[in-house]
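Observations on the model geometry
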Amino acid sequence: MARPSDHGKRAELLAAVVRYIADHGLAELSLRPLAAELGTSSRMLIYYFTTKEELLVQALATQRPDLAALFSEVSDAAELRARLWGFWRANTAGDGRTSVRVMLQVLGAACAADSPYAAYAETAIAAFVDSLADGLRGLPSVDDPELVATLLVSGLRGILQDRLITGDVERTDRAARLLIDQALR
C-alpha cells in the first residue's frame, strides 16, 4: 500500500525550492545540490516531480497569489490603485520578493526556443492580465481593459526587474506609483 502524501512537508519542500533558486539562480540549477540542501536525493525529487522543470513549476504555483480575488469587485480607480500599490509593496519585500526573483528568472528562461517553462509563463502572464482586466472593466475611465492590464503587468514586471538588479528602492517605487497612477487616470 502506498504511503499517504504529507501535504505540509510537500508545501515546505516547494517553498524551499523557491528560496534555493532565488539564492542560487535558475540558470545553473542542478538537482543534486538542490536535493542535498533540501535533505533528500535527486532520485526522490524526480520520483515525485518527474523533471526539475516540473518541480519548479509546481513550486512557483504554490507562490501564486489569488489574483482573481485581488482585483474582484473593484468600485473605482482609487480602490484599484490602492490594491495594485499593496500588491507592489507585498511583492518587493520578504517572501514576495523571493517569489518575484524566481518568477523573473523563469519568465526570462521561457523566452528561449522550446523552453520547458513557456507554457507556465504564458499561463502566469495570462492569469495576471485577465484578472486585472476583469477589475478594470468596471471603471468608466478605461476604454480597453486588456490593453491597460497589459501595460500595468508588463510595466510593473520591468520595474521589479530594475529594482532587483539595481537595488534602487526609491526610484523604482516612484516609477511604479507613476505607472499605476497614469494607467488609471
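Everything below is about the structure shown above.
Everything numeric here is computed off the predicted structure, so don't read it as measured data. All chains use their own residue numbering, which begins from 1 and follows the written sequence. Thresholds applied to this predicted model are a pLDDT of at least 70 for local features of residues and 80 or more for the giving and counting of side-chain atom pairs; totals over whole chains, interfaces and linings are not thresholded and use all residues. The side-chain values count all of the structure's non-hydrogen atoms but skip hydrogen atoms and water molecules.

**Digging into the overall build of the chain**
To qualify as a helix, a DSSP run of H or I must reach at least 4 residues; to qualify as a strand, a run of E must reach at least 2; elements of each kind are numbered from the N terminus. Check the secondary structure of the chain and you find 10 helices and 0 strands. Walking the chain from its N terminus toward its C terminus, one meets helices and strands in the order α-α-α-α-α-α-α-α-α-α. Taken over 185 residues, the chain has a buried fraction of 39%. What makes two residues a contact is simply this: any of their non-hydrogen atoms within 4.5 Å. When contacts within the chain are restricted to residue pairs at least 6 apart in sequence, those whose partners lie at least 24 apart make up 60%. For every accessible area listed, the method is Shrake-Rupley and the probe measures 1.4 Å; residues are considered covered only by the protein chains on display. Carbon and sulfur atoms make up 54% of the accessible area of the chain, which totals about 10,500 Å². Charged residues are defined narrowly, with Lys and Arg counted positive, Asp and Glu counted negative, and His plus the chain ends left uncounted. For the purpose of locating charges, the reference atoms are NZ of Lys, CZ of Arg, CG of Asp and CD of Glu. Measuring between centres, the 20 positive side-chain charges of the chain sit 6 Å from its 24 negative side-chain charges. Exposed residues in this analysis have more than 50% of their type's maximum accessible area, buried residues have under 20%, and partly exposed residues fall in between, with area computed by a 1.4 Å probe over protein chains only.

**Focus: the pattern of salt bridges**
Put simply, a salt bridge is a Lys or Arg side-chain nitrogen that is within 4 Å of an Asp or Glu carboxyl oxygen. Summed over all chains, the structure comprises 9 salt bridges. Of the charged contacts, one joins D134 and R137 as a salt bridge, the two residues approaching to 2.5 Å between their closest N and O atoms. You can call D134 exposed: its relative accessible area is 52%. A salt bridge links D168 to R171; the shortest N-O distance between them is 3.2 Å. Ionic contacts of the salt-bridge type, sharing partners, join the residues R89, R163 and D173 into one network.

**Brief notes about the nonpolar core**
Residues grouped as a nonpolar core are buried Ala, Val, Leu, Ile, Met, Phe, Trp, Tyr and Cys residues, joined through side-chain atoms within 4.5 Å. Among the nonpolar cores identified, the biggest contains 31 residues, and L80, L84, L132, L136, L139, L152 and L184 are the most heavily contacted of them. Broken down by secondary-structure element, the contributors of at least two residues to this core are α5 (67-71), α6 (77-90), α7 (94-110), α8 (118-136), α9 (145-166) and α10 (169-183). Element by element, the count of residues in this core is highest for α9, at 8 residues. Excluding residues within four positions of it along the chain, L84 makes contact with F71, L132, L152, L156, I180 and L184. Core analysis: the next-biggest nonpolar cluster, separate from the first, contains 29 residues, L13, A16, L60 and V102 among them.

**Digging into a nonpolar patch on the surface**
A cluster of nonpolar residues, M44, Y47 and Y48, forms a patch on the protein surface that exposes about 360 Å² of accessible area. With respect to the helices and strands, the residue Y48 is situated in helix α3 (residues 42-49). Residues qualify for a patch when their relative accessible area is over 30% and they have no salt bridge, like charges being joined within 9 Å and the nonpolar side chains of Val, Leu, Ile, Met, Phe, Trp and Tyr within 5 Å.

**Some points on helix α4 (residues 52-61)**
When α4 is considered as a whole, its buried residues turn out to be L55, L56, V57, Q58, A59 and L60. In this fold, the buried residues of α4 make contact with α1 (7-24), α2 (31-38), α3, α7 and α8.

**Details of the packing of aromatic side chains**
The pairing test for Phe, Tyr and Trp rings, Trp by its six-membered ring, is centres within 6.5 Å, and the orientation test on the planes gives stacked under 30 degrees, edge-to-face over 60, and tilted for anything in between. What the rule picks out here adds up to 3 aromatic pairs. Seen from their ring centres, Y47 and Y48 are 5.1 Å apart, and the 75 degrees between their planes marks the pair as edge-to-face. Ring geometry for F87 versus F128: centroids 5.3 Å apart, planes at 75 degrees, classification edge-to-face. Taken together, the residues F87 in helix α6 and F128 in helix α8 connect sequence positions 41 residues apart.

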